[in-house]
Amino acid sequence: MAKPTPHDALIYIMVIMSAADRMMTDNELAKMGDIIKTLPVFADYDTDDLMAAAAQCTTILQEDDGLDQILDSAFEVLPKKLHETAYALAVEVAAADLHLEQEELRLLQILRDRFNLDRLACAAIERGAKARHQTL
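Residues numbered from 1 in each chain as written. Predicted model: local features only at pLDDT ≥ 70, side-chain atom pairs only at ≥ 80, totals over all residues. Heavy atoms only, no water.

Caption draft 1: Looking closely at the overall build of the protein chain. Along the protein chain, the regular secondary structure elements total seven helices and zero strands. The secondary structure elements of the protein chain, listed N-terminal to C-terminal, are α-α-α-α-α-α-α. On the principal axes, the C-alpha backbone points of the protein chain span a range of 45 × 30 × 30 Å. Scored against the burial criterion, the 136 residues of the protein chain give a buried share of 44%. In the protein chain, the proportion of contacts linking residues at least 24 apart, taken out of those at least 6 apart, comes to 76%. Across the protein chain, the mean location of the 13 positive side-chain charges is 8 Å away from that of the 24 negative side-chain charges. (Helix = DSSP H or I, 4+ residues; strand = E, 2+ residues; numbered from the N terminus. Buried < 20%, exposed > 50% of the residue type's maximum accessible area, 1.4 Å probe, protein only. Contact = heavy atoms within 4.5 Å. Lys, Arg positive; Asp, Glu negative; His and termini not counted. Charge placed at Lys NZ, Arg CZ, Asp CG, Glu CD.)

Below, the structure written as C-alpha cells:
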C-alpha cells in the first residue's frame, strides 16, 4: 500500500466508520462531504481527489488485514495533534444516522486505543456530536 497523505488518512477513517456496519448511508456520505467542504483541516484539500481516496480505502479494506493497514497508516502519517480530529470525524460520521450499531461502537473503541486518546476528551467529542445531531 502506498503511503497515504494526512488528508487521505482522515478520509480513510471516515470511510471505515461509514462502512463499519456494512451500510454506507446517504446521511453518512453527506456528512463526509460537509466535513471536507467546511473543516479547516481540509482547507487546502483538492476535492477532486476524494473519490480516488475513497476507492483506494475500499480496495484496501477488501484485503485480509485491510483494517489494520488503514489504521497503521493513519497512525503513521497523522501528526499527533490530528489524532483527536480523526476520532472526531469518525464520531461525526457515525452520528449522522442518529443511531450507532455495535460495529461502529467497536471501531470507535479501536480508534481510541490505536491513537491512545484520553477517555474524557473522547467523551466530550461524543457528547458534542450527540448535541449537534439531536432532533426534536
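Caption draft 2: Representation of the packing of helix α1 (residues 6-19) against helix α6 (residues 102-114) in the model. It is the contact of α1 with α6, at a shortest axis distance of 9 Å, that shows an interaxial angle of 150°. Regarding the angle of α1 to α6, the classification is roughly antiparallel. On the side of α1, the interface is formed by I13, I16 and M17, while α6 contributes E104, L107, L108 and L111. Here the residues of the contact of α1 with α6 are counted per class, giving six nonpolar, no polar and one charged. (Axes fitted to C-alpha atoms, helices over the stretch in contact; angles between N-to-C directions. Parallel < 35°, antiparallel > 145°, perpendicular 65-115°, else oblique. Nonpolar A, V, L, I, M, F, W, Y, C, P; charged D, E, K, R; others polar.)

Caption draft 3: A look at the nonpolar core. Core analysis: the largest hydrophobic core is formed by 41 residues, its most contacted members being I13, M14, F42 and L111. Among the elements of the structure, α1, α2 (26-38), α3 (50-61), α4 (66-77), α5 (83-95), α6 and α7 (119-133) are those that each provide at least two residues to this core. Beyond its immediate sequence surroundings of up to four residues, M14 is in contact with M32, I35, I36, F42, L89 and V93. (Core = buried A, V, L, I, M, F, W, Y, C linked by side-chain atoms within 4.5 Å.)

Caption draft 4: Geometry of the environment of M14. Within the element layout of this structure, M14 appears in helix α1. Between the C-alpha atom of M14 and that of P40, which follows or precedes it by 26 residues, the distance is 16 Å.

Caption draft 5: Region of interest: the pattern of salt bridges. All chains considered together, the criterion is met by six salt bridges. E92 is the partner of K31 in a salt bridge, and the nearest nitrogen-oxygen pair spans 3.7 Å. Here K31, found in helix α2, pairs with E92, found in helix α5; they are 61 residues apart in sequence, far enough to count as distant. Two residues, R114 and D72, come together in a salt bridge whose shortest N-O distance is 2.4 Å. (Salt bridge = Lys/Arg side-chain N within 4 Å of Asp/Glu carboxyl O.)

Caption draft 6: Region of the structure containing the side chain of D8. With respect to the helices and strands, D8 occurs in helix α1. Of the buried charged residues, D8 lacks a salt bridge, with K3 as the closest side chain of opposite charge at 11 Å.

Caption draft 7: Main features of α4. Spanning 12 residues, α4 covers 16 Å between terminal C-alpha atoms, matching the ideal 16 Å at 1.5 Å per step. For α4, the complete set of buried residues consists of G66, Q69, I70, L71, S73, A74 and V77. Buried residues belonging to α4 abut α1, α3 and α6. (Expected span 1.5 Å × (residues − 1).)

Caption draft 8: Structural view of α1. In a regular helix each residue adds 1.5 Å, so 14 residues correspond to 20 Å; α1 covers 20 Å between its end C-alpha atoms and thus fits that length. A large share of α1 lies buried, amounting to 12 of its 14 residues. Of the residues making up α1, those classed as buried are H7, D8, A9, L10, I11, Y12, I13, M14, V15, I16, M17 and S18. Packing partners of the buried residues in α1 comprise α2, α3, α4, α5 and α6.

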